[in-house]
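Working through the structure, step by step
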Amino acid sequence: MGGTVRDLLLKREPGDIDLVTEGPPEEAARRFADKIGGSYFQLSEEFQGCRVITGDRRNTYDFAPLRGAGIEADLNQRDFTVNAIAARLSDGEIIDPLGGLTDLEARLLVPVDDEIFDRDPLRLLRALRLEKELGFSISGELKPLIRVKSVLATRPAVERVWAELGRLLEAPGAAPATRRMDELGLLEVLLPEVHALKGIVQNKYHHLDVYNHVLAASDELDRIIENPADLFPGLAEKILKRSIHRIAGDASWRFVMGYCAIMHDIAKPYCRFTDESGDFRFFEHDRIGAEMAGETLTRMKASAETTSAITLLIACHMRFEGLTQSIPPSRRARLRYIRATEPYTPEAIILSVSDQLAVRGPKTTDAAIERHLELAGEMMIESFAAQEAVALPKLIGGDELMRELVLEPGPQVGQLLDRILEEQQLGNISSRREALQLATRILREENQGN
């Protein structure tokens, strides 16, 4: 029933299969699990929910008791009419007391009643997510209801909110979803950092305020994802292969990219100042923005891996611009960019291009954009080559370095090891003796400088 029937009628592969029983579902669920060789789990003792997962873990069946006196009473407690359709297993009869089939044909999201969000405020986000994923339209009666009830959006458990936001902000389509959230009053409630970007005027390199700039960058990202060969000829297959996998822990590649495009400039309202020429500047908005994004992700209880990937990409989103200041950039500068953005260098380059293409102010020249795009193509090739290269043998370890140079544990040791690896990658050193000589020289220069 519910979303399962909706998807089947739309000829879509349903996610979880939702089933309801007239009595407690445990016995039926256990018998079904035994019959298909699946695994049985109890989801909720309070609500008597049960789950059966097939042996290959490809399909999930959720069993629940009827809510109310009969199937029609149960359907009247659903969210939208297209989700309030049931099919009887015995004969396939469709049960549609609320006209869901008509709304399904019109691809409209119509509320079952005016209290759907009071019963479960997560439905506020679900409406937008279904609009995005199914291509449905939010009906005229649903729009004002969402606006009035938008303040309830923070009430569900943050894990549930985060799961819906994660699907809303996946690329492509993060910008339209953000605009829709704003239109319906949800953006200020759930992502106040993004809402705060409205009306923040930028310098003459930009033609948009910060809010509309991040939306434009997200739109450019969508174009890259949909046609990567346009900007990165010969690499489209590799980019598309990365885009279908999870990038960090439980986060999909498309979510991390969509989220970063929307969030990359969230620190600008707090970093803006006027320079001596009267123009606006935003020093350290990349670093501070990464910290703010980390706080937001912590609030949403995102995984450590997801938080690490997003904060790295936001912290590095201006770094590529530095490479373009000298053409061609040195081999050392290119290597440092790759090492600073590993293992997400291709993603960092794509986000940088999206950001650049959204900048069209009077001080931005076509030549600067072309230079950025040309270098991005070169660096994308180098980034994939670096990821596919065989790791170089370690010339010296941290413990050995401390013993030989009489050093205490601390950041200095890590910095020396980084410099040794960099010179090795550049082909300037290739032995333990040369690594020690380099470290000794660096320490001597530092001492002389002090």
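Structure first, text after, so check above.
The written sequence of each chain sets the order in which its residues are numbered from 1. Where totals are concerned, whole chains, interfaces and linings use all residues; where local detail is concerned, this predicted model gives features only for residues with pLDDT of at least 70, and gives and counts side-chain atom pairs only at 80 or more. The side-chain numbers reported here are obtained from all heavy atoms of the structure, hydrogens and water having been left aside.

A few points about the packing of aromatic side chains
Pairing of aromatic side chains here covers Phe, Tyr and the six-membered ring of Trp, requires ring centres within 6.5 Å, and sorts the geometry by plane angle: under 30 degrees stacked, over 60 edge-to-face, intermediate tilted. Under the counting rule described, the total for this entry stands at 7 aromatic pairs. With 5.3 Å between their ring centres and 90 degrees between their planes, Trp162 and Phe255 make a pair best called edge-to-face. Here Phe255 lies in helix H14 (residues 253-263) and Trp162 lies in helix H8 (residues 158-168), a separation of 93 residues in the sequence. Here Phe255 falls in the buried class, since its relative accessible area comes to 5%. Here Trp162 and Tyr259 contribute two aromatic rings whose centre-to-centre distance is 5.7 Å and whose plane-to-plane angle is 85 degrees, an arrangement assigned as edge-to-face. Residue Trp162 is located in helix H8, and its partner Tyr259 is located in helix H14; the two are separated by 97 residues in the primary sequence. A single burial state applies to Trp162 and to Tyr259, both of which are buried. Comment: elements are numbered from the N terminus, with helices defined as DSSP H or I runs of at least four residues and strands as E runs of at least two. Burial classes follow relative accessibility: with a 1.4 Å probe on protein chains only, a residue under 20% of its type's maximum area counts as buried, one over 50% as exposed, and anything between as partly exposed.

Some thoughts on the side chain of Thr21
Residue position: Thr21 is located in strand E1 (residues 17-21). A 3.5 Å cut-off defines polar contacts: any pair of N or O atoms within that distance qualifies, except that in protein one atom must be a possible hydrogen donor and the other a possible acceptor, and neighbouring residues in sequence count only when both atoms are side-chain atoms. A distance of 2.6 Å separates a polar side-chain atom of Thr21 from the backbone oxygen of Gly23. Not counting the four nearest positions on each side in its chain, Thr21 is found in contact with Ala28, Phe63, Ala64, Pro65 and Leu66. Residue contacts are defined here by distance: any two heavy atoms, one from each residue, within 4.5 Å place the two residues in contact.

Here's the deal with the nonpolar core
In this structure, Leu128, Leu142, Ile146, Met181, Phe232 and Ile350 are the most contacted members of the largest nonpolar core, which totals 97 residues. The element contributing the most residues to this core is H14, with 9 residues. Residue contacts for Ile350: discarding those within four places in its chain leaves Leu221, Ile224, Phe232, Ile239, Trp253, Met257 and Met380. As used here, the term nonpolar core means buried Ala, Val, Leu, Ile, Met, Phe, Trp, Tyr and Cys residues forming a set that is joined through side-chain atoms within 4.5 Å. Among the nonpolar cores identified, the runner-up in size contains 16 residues, and Leu395, Ile420, Ala439 and Ile442 belong to it.

The values are spatial; any link to function lies outside them.
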